[in-house]
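Structural overview for review
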Amino acid sequence: MATNTTGDLSESKFLTIAEVAAMMRVSKMTVYRLVHGGDLPALRVGRSFRVLEEDVNNYLRNSFYDAG
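Conventions used here
Each residue is numbered by its place in its chain's sequence as written, counting from 1. Restriction of local features to residues with pLDDT of at least 70 applies here, the model being predicted, together with a cutoff of 80 or more for giving and counting side-chain atom pairs; totals for whole chains, interfaces and linings are based on all residues. With hydrogens and water set aside, each side-chain value is computed from the structure's full complement of heavy atoms. For helices the rule is a DSSP run of H or I covering at least 4 residues; for strands it is a run of E covering at least 2, with both sets numbered from the N terminus onward. Burial classes follow relative accessibility: with a 1.4 Å probe on protein chains only, a residue under 20% of its type's maximum area counts as buried, one over 50% as exposed, and anything between as partly exposed. Two residues qualify as a contact provided that any one of their heavy atoms is within 4.5 Å of a heavy atom in the partner residue. Surface accessibility follows the Shrake-Rupley procedure with a 1.4 Å probe radius. Residue values consider only the protein chains on display as shielding. Nonpolar cores were defined as sets of buried Ala, Val, Leu, Ile, Met, Phe, Trp, Tyr and Cys residues, with membership established by side-chain atoms within 4.5 Å.

1. What about the overall build of the protein chain?
Looking only at helices and strands, one finds three helices and three strands in the protein chain. In sequence order, the protein chain lays out its α and β elements as β-α-α-β-β-α. When burial is assessed residue by residue, the protein chain has 24% of its 68 residues classed as buried. Taking the intrachain contacts of the protein chain between residues at least 6 apart in sequence as the baseline, contacts between residues at least 24 apart amount to 52%. Summed over all atoms, the accessible surface of the protein chain reaches about 5100 Å², with 51% contributed by carbon and sulfur.

Pasting the structure below:
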């Protein structure tokens, strides 16, 4: 979840599923799976989803895998 605990979203940047997919270099379906699986928080706007850029960065930061 986002670290913005004040509830002020005026400085937050919301991304579409397509933008998140491009940023992560994965398919849109992969992003939908992350959202529906609860791994990536998202806001539903009508029939679309929006994801906080901060949440994407946190997800990527926490997903690093040490192969060594």
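2. Observations concerning the nonpolar core
Among the nonpolar cores identified, the biggest contains twelve residues, and these are Leu 15, Ile 17, Val 20, Ala 21, Met 24, Val 31, Leu 34, Val 35, Leu 40, Phe 49, Val 51 and Val 56. Looking at this core, the elements with two or more residues in it are α1 (17-24), α2 (28-36) and β3 (48-52). Sorting elements by how many residues they give to this core places α1 first, with four residues. Every residue in contact with Val 20, bar those within four places of it in the chain, is listed here: Leu 15, Val 31, Leu 40, Val 51 and Val 56.

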